[in-house]
Amino acid sequence: MADRPVNAPATAVTNNSSPVPASLPPQNNSPSTEKIVPKDISDKSTLVAVLQLLRKYNLKTTEEILRKEANLTDVPDSADGAQTDSEVSSVLSAYKSEGDPEIYEAAYMDLKKFVEGALDMYKHELGLILYPVFVHMYLELVYNGHETRAIEFMNKFGGEQEEWYEEDIKTLARVTKKEHMKGNELTDTFKSSEFIIRMSRDTLSLLKRHLQQERKHSILLNIVQEHLYFDMYEGVARNRQQIQATAGGMVGEASRQDNKAKVYYGLLKEPDIQYVPVEEEEEGEGGGGGEGQGDRPKKKKAKKDPLFSKKAKSDPNAPSNDRMPLPDLKDADKLEKIKAMREASKRVALGPDNLPSICFYTLLNTVQTVTCAEIAEDTSLLAVGFSDSVLKVWSLLPQKLRAMKSADQLADIDREADDVLVRMMDDRTAETVRVLLGHRGPVYRASFSPDRTLMLSCSEDSSIRLWSLQTWTCLVSYRGHVFPIWDVKFSPHGHYFASAAHDRTARLWSTDHHQPLRIFAGHYSDVDVVQFHPNSNYIATGSSDRSVRLWDCVSGNPVRLMTGHKAPIYSLCFSVDGRFLASGGADKLILIWDLAHGHLLARLTGHTSTVHALAFTRDGTLLASGSLDCSIKLWDFTHLVEDVSLEDVNVSHNPDVRGAASGGNSNGDPYLLRSYPTKSTPIMCLHLTRRNLLMAVGMYQQS
Amino acid sequence: MSKITSQTKHIPKDAQVIISMLKDMGITDYEPRVVNQLLEFTYRYVTCTLDDARVFANHAKKKSLDLDDVTLAVQLQLDRRFTNPPSRDILLEVARAKNNVPLPMIKPHCGIRLPPDRYSLNSCNYKLRNYKKQLSKQNPLGAPISLTSHPRIQLTPGSMISGSSQMKVHQMPGNTQGSGSKSTSLVSSSPSVSIVNSSGHGRTVALVGKNPGGQQTTHKVITVPKPVIKFSAGTSSPSIVPKIQISAGTMPSISTAASTATSNSAATATPMIITSEGSGGIKRKREDDYDDPE
């Protein structure tokens, strides 16, 4: 998949049966036959680019023939200013065409007629090609300088496309001259990447037959061959509902190739920690890994029940503990884990008849300056980022925030004492709120480390700052992105963190390296949100190109591509067992994905504005969502999972998408349990405490 | 309708253009100040571009501005100000190269894991000057006032010890003048020392400071309640230029952050650069004496 742009020129060369100058055939087919003479510079540059491509693939004889035929003997061997690969490919797939501008409209109308005249069964899938063909025809007209025609074409057919392409069409409508195309990201995307359309075998053969028959619309054939990629699957053609569910991606849907890799979505094996109350509760974390053997053979093994033997309970879908290097647990971490388990045993069991209580923190007098809010894992700290680059941390417990003692005072304390971590802190410096200064632009996200000694924040000034929550100072400023960073998250195991920025990449960093360890490149537009999988081996990213991708941290490769959102995605949340991913975006939808194959399982409708916050309850039974429409909604997740059939289907399976559309419920979405509106307070953050109390943070809007 | 428009203020033509552009782009919900801001931006941008174009025209010895000049001016501005993220294939290439490197092993038994000192913000980021040479020559007042010998002053630059949970305190050597290495002296002859008053009382060279055990930028609070000692330099020796020069940022990569951070309010935890003017020529000579470049 990563190779597609580079392969495009190659396929353009090899797919066509005619010899090398594949971008020149329109001249042969068009009624006005012209001799191929490189008269003007643009023609020549195309040929030179083709020559370079031939040289690259070592096709010497073909190169010679082309040189002779096209009278390019005067072109030096080493072309002046060797064009980079991207330039070559862009020249080749440039919309160089001598075709008559009039025929574009006629061709498009014909195609529309054909689609509408097809059988109902195939109509909807065939209709998927209308949008990419429209875009490429328009760009061809613009590239060849037929400005008025292009505007007419846009006005006539632009409004007929699906509503989720509206934004992209508006962007394209502003491109009316060839010069406009040069720096425009969207046109670059369309020029260099192929639009992917999934079609069943029957639909595809129908389409091919029609295109073969319609010889006169050669431009259509060219566009289809060069810019569209058909991912064929066996089986019945999809119905309208299924197609609409996964439509919306900027360059089409996901192909089978994209979702082929195996994803280890299980949880890591927990290390054996000796603690007194042996509860079953910790198993309730889901179908994840079985209870672990001790990592340290010195400890007594199997003090607990013999039920937990390794072989029987190991999850085939869980990654091995050493697949990705993770930090060892220190003593303090082990104590923390024991404490967490003890709290987990006391948590409230939630369900459709037992909804959680909600504790809401409203930020007053913020007047649109608050940009983010985050609550620590054990609900002891609240961090709020502001658009004036300030970051404030509050304590949510009665204990205030203390700073570490000075060096000479620290030398005096007894290091062997049990509460050395408490003695380290200076009681005289206790404060309820701490202000952290350092960023040079609005702070867009804060993230606490699992042990709450460190915090990260990212900002529009393209830096990520690591703060110590013991000395309340900035420790490191990570610079690598040169564009605003929209999201940063600490890994659930600490040590690693991920960032999502405007430069269309997400990066994986570790606190002890000043440069990123992994760069996840592949999105076509800004990456707006990033989230770690509970086993820290995978990262999910949501982007403005309306797709959600899952990346493997170990290799850096994209392993899943999920389209279906109709607008940028602003929140992601993994389920507690790691198998499902919930995503919410500006299209007011919440989509539930199955990571086993990347299928869309459900669409939850109900919100009337962008969904910015998602959280699963600690036992994984309910999903809470908060949105800019000032309401929190609770969804019945166990019911949803039961409804969906989760047999081991293959990648090409087209599941039925649950949700209001399929339920046909007049009451709204069948999985919606309860909706809690607030008084004009959009929700920024949702958090479940260890005992399943739902916390929410919002800022009060007066107007 | 016309009655209403006649009653409203007359909106200048440029503003009307901006409003219609916003409408074209589909933006309907905006504060009225946005139009003003866009107008300002437009005016500034066009002026800068035309200025540049005039420079190019002059360089090419043309009488008046040409379309080519303007095009060139626009292009140059474009490359510098309005940059786009790198193209997708470049990103993919870079990502492939980067992702081939396996994830590094995690060092066991560390405290807080941080990047090397060069890349972190936790080193001591100021330096005090050494004037032992000068003072030993003329010393009418006896021992030079050494900052560290003053009872109110604590100077304990902590050095970063990454990885160890021990807390070492590294005392600054040379509290007395006989130590030989670095003794700090505060000398001024002319009243041109700019001492930043941030704690509000007396003459304070304020570097907000804390000393954690080994992890932090150390800034110190050095309060000098007494006025600074003035040395009347004799005619023979070059006048002693007042020097409290604290260089910020020993790391080149972070220096921009530190130096721009100094423009933050005084409440920030970053140190402030205090430079002093003095007699120019002598100052230059002084700078040759320094061991390390600033």
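Calculation notes
- Residues numbered from 1 in each chain as written.
- Chains lettered and ligands numbered in written order.
- Predicted model: local features only at pLDDT ≥ 70, side-chain atom pairs only at ≥ 80, totals over all residues.
- Heavy atoms only, no water.
- Helix = DSSP H or I, 4+ residues; strand = E, 2+ residues; numbered from the N terminus.
- Buried < 20%, exposed > 50% of the residue type's maximum accessible area, 1.4 Å probe, protein only.
- Contact = heavy atoms within 4.5 Å.
- Areas by Shrake-Rupley, 256 points an atom, 1.4 Å probe, with all protein chains shown as cover.
- Expected span 1.5 Å × (residues − 1).
- Salt bridge = Lys/Arg side-chain N within 4 Å of Asp/Glu carboxyl O.
- Polar contact = N/O pair within 3.5 Å; in protein donor to acceptor, adjacent residues only side chain to side chain.
- Nonpolar A, V, L, I, M, F, W, Y, C, P; charged D, E, K, R; others polar.
- Core = buried A, V, L, I, M, F, W, Y, C linked by side-chain atoms within 4.5 Å.
- pLDDT = per-residue confidence, 0-100.
- Pairing = 2+ DSSP bridges.
- Axes fitted to C-alpha atoms, helices over the stretch in contact; angles between N-to-C directions.
- Patch = residues over 30% accessible without salt bridge, like charges linked within 9 Å, V, L, I, M, F, W, Y side chains within 5 Å.
- Phe/Tyr/Trp six-rings, centres within 6.5 Å; stacked < 30°, edge-to-face > 60°.
- Lys NZ or Arg CZ within 6 Å of the ring centre and 35° of its normal.
- Disulfide = S-S within 2.5 Å.

Caption draft 1: Structural view of the overall build of chain A. What chain A contains, in helices and strands, is 20 helices and 32 strands. Looking at chain A residue by residue over its 703 residues, the buried ones come to 57%. Restricting the contact set of chain A to residue pairs at least 6 apart, pairs at least 24 apart contribute 60%.

Caption draft 2: Representation of the overall build of chain B within the structure. When helices and strands are counted, chain B shows eight helices and two strands. Surface exposure of chain B reaches about 18400 Å², of which carbon and sulfur atoms provide 58%.

Caption draft 3: Spatial organisation of helix H8 (residues 130-143) of chain A. All names here are of chain A. Given a rise of 1.5 Å per residue, 14 residues ought to cover 20 Å, and the 20 Å separating the end C-alpha atoms of H8 matches this to within 8%. A large share of H8 lies buried, amounting to 13 of its 14 residues. Looking one or two residues past H8, Gly145 carries a phi angle of roughly 85 degrees, positive in sign.

Caption draft 4: Representation of the environment of Gly127 of chain A in the model. Mapped onto the elements of the fold, Gly127 of chain A is located in the loop between helix H7 (120-126) and H8. With 300 residues separating them along the chain, Gly127 of chain A and Asp427 of chain A place their C-alpha atoms 69 Å apart.

Caption draft 5: Region of interest: the side chain of Asn184 of chain A. Along the chain, Asn184 of chain A falls in the loop between helix H10 (166-173) and helix H11 (185-192). Take Asn184 of chain A: its relative accessible area is 18%, and that puts it in the buried class.

Caption draft 6: Up close: the interface of chain B and chain A. Each partner contributes to the interface: chain B provides 48 residues, whereas chain A provides 60 residues. Where chain B meets chain A, there are zero salt bridges. Applying the counting rule to chain B against chain A returns nine residue pairs in polar contact (both at pLDDT 80 or more). The set of elements that each furnish at least two residues to the side of chain B that touches chain A consists of helix H5 (88-99) and helix H7 (252-261) of chain B. By residue number, the principal contributor to the side of chain B that touches chain A is H5 of chain B, which donates nine residues. Here the side of chain B that touches chain A is built from residues that sort into 26 nonpolar, 16 polar and six charged.

Caption draft 7: Structural context of the pattern of salt bridges. Residue and element names in this part refer to chain A. Across all of its chains, the model carries 31 salt bridges over all chains by this definition. A salt bridge links Asp552 to Arg323; the shortest N-O distance between them is 2.8 Å. Here Asp552, found in strand S20 (residues 547-552), pairs with Arg323, found in the loop between helix H15 (310-313) and helix H16 (331-345); they are 229 residues apart in sequence, far enough to count as distant. Assessed through its relative accessible area of 7%, Asp552 is described here as buried. Arg445 is the partner of Asp487 in a salt bridge, and the nearest nitrogen-oxygen pair spans 3.0 Å. Within this pair, whereas Asp487 is found in strand S14 (residues 485-490), its partner Arg445 is found in strand S10 (residues 443-448), the two being separated by 42 residues in sequence. In this structure, Asp487 and Arg445 share a single accessibility class: buried.

Caption draft 8: Structural detail: unusual backbone geometry. Residues and elements named next belong to chain A. Its identity is not glycine, yet Thr379 carries a phi of approximately 60 degrees, on the positive side. Mapped onto the elements, Thr379 comes out in the loop between strand S4 (370-375) and strand S5 (381-386). Looking at Thr379, the relative accessible area reads 9%, which means it is buried.

Caption draft 9: Geometry of the nonpolar core. Counting 52 residues, the largest nonpolar core has Met137, Phe153 and Phe230 of chain A as the members making the most contacts within it. At 10 residues, the largest contribution of residues to this core is made by H8 of chain A.

Caption draft 10: Inspection of the confidence of the model for chain A at higher detail. Summarising the model, chain A shows a mean pLDDT of 81, and 81% of its residues fall at 70 or more. Confidence drops under a pLDDT of 50 for residues 277-312 of chain A, and excluding neighbours within four residues, the segment shows 51 contacts in the predicted structure.

Caption draft 11: Looking closely at the pairing of strand S13 (residues 473-479) of chain A. Residue and element names in this part refer to chain A. Extensive coverage of S13 is indicated by the burial of six of its seven residues. Examined bridge by bridge, strand S12 (residues 463-468) and S13 share six bridges and lie antiparallel to one another. Across the sheet, residue Trp467 finds its bridge partner in S13, namely Cys474. Here S12 folds back onto S13, and the loop between the two strands holds four residues, one of which, Trp472, carries a positive phi near 60 degrees.

Caption draft 12: Up close: the pairing of strand S16 (residues 505-510) of chain A. Residue and element names in this part refer to chain A. The element S16 is largely enclosed, with a buried count of six among its six residues. Burial along S16 is two-sided: the residues Thr505, Arg507 and Trp509 and Ala506, Leu508 and Ser510 are all buried. Sheet topology places strand S15 (residues 496-501) next to S16; five bridges connect them, and they run antiparallel. When the sheet's bridge partners are listed, Tyr496 is paired in S16 with Ser510. Counting the residues between successive antiparallel strands, the hairpin from S15 to S16 contains three residues, one of them, Arg504, with a positive phi of roughly 70 degrees. In terms of strand pairing, S16 meets strand S17 (residues 518-521) through four bridges, oriented antiparallel. Counted as the bridge partner of Arg507 is Ile519 from S17.

Caption draft 13: Geometry of helix H3 (residues 32-59) of chain B. Residues and elements named next belong to chain B. Its 28 residues place the ends of H3 42 Å apart at the C-alpha level, agreeing with the 40 Å of an ideal helix rising 1.5 Å per residue. Of all the residues in H3, the buried ones are Val35, Thr49, Ala53 and Ala57. Residues of H3 that are buried make contact with helix H2 (13-24) and helix H4 (67-80). One or two steps after H3, the chain reaches Lys61, where phi turns positive at roughly 60 degrees.

Caption draft 14: Focus on the sheet that holds strand S32 (residues 694-699) of chain A. Residues and elements named next belong to chain A. As summarised here, the arrangement of the three strands in space is S3-S32-S31, forming an open sheet in which the pairing is mixed. Of all strands in the sheet, those bounded by a partner on one side alone are strand S3 (358-363) and strand S31 (683-688). For this sheet, the mean inter-axis angle between neighbouring strands, taken without regard to orientation, is 15 degrees. Note: S31 against S32, five bridges, orientation antiparallel. Note that in S32 the partner of Cys685 across the bridge is Val697.

Caption draft 15: Looking closely at a nonpolar patch on the surface. Together, Phe41, Leu78 and Phe82 of chain B line one region of the surface with nonpolar side chains, adding up to about 250 Å² of accessible area. Tracing the sequence through the fold places Leu78 of chain B in helix H4.

Caption draft 16: Just the packing of aromatic side chains, in detail. All names here are of chain A. The tally for this structure, following the rule as stated, stands at 20 aromatic pairs over all chains. By way of ring pairs, the aromatic residues Tyr131, Trp164, Tyr165, Phe190 and Phe195 are connected into one cluster. Its end group placed over the ring of Phe386, Lys392 keeps NZ or CZ at 5.6 Å from the ring centre.

Caption draft 17: Examining the state of the cysteines more closely. Under the counting rule described, the total for this entry stands at zero disulfides over all chains. Residue Cys359 of chain A stays outside any disulfide, its sulfur separated by 12 Å from that of Cys685 of chain A, the closest cysteine.

Caption draft 18: How the structure looks around the environment of Phe490 of chain A. Residues and elements named next belong to chain A. For Phe490, the position within the fold is in strand S14. The buried category is assigned to Phe490, whose relative accessible area is 8%. On a C-alpha basis, the gap between Phe490 and His639 in space is 31 Å, while along the polypeptide they are 149 residues apart. Ignoring any residue separated from it by four or fewer positions in sequence, one finds Phe490 in contact with Ser447, Phe448, Ser449, Pro450, Leu454, Leu456, Leu466, His495, Tyr496, Phe497, Thr511 and Phe532.

Caption draft 19: Fine view of the confidence of the model for chain B. Residues and elements named next belong to chain B. Looking at chain B, pLDDT values average 62 and 42% of them are 70 or higher. Across residues 142-221 the pLDDT falls below 50, and counting only partners more than four positions away or on other chains, this stretch makes 190 contacts in the model. Here residues 228-294 scores under 50 on pLDDT; set against residues more than four positions off or in separate chains, the count is 118 contacts. For this predicted complex, the interface score ipTM comes out at 0.75, alongside a pTM of 0.70.

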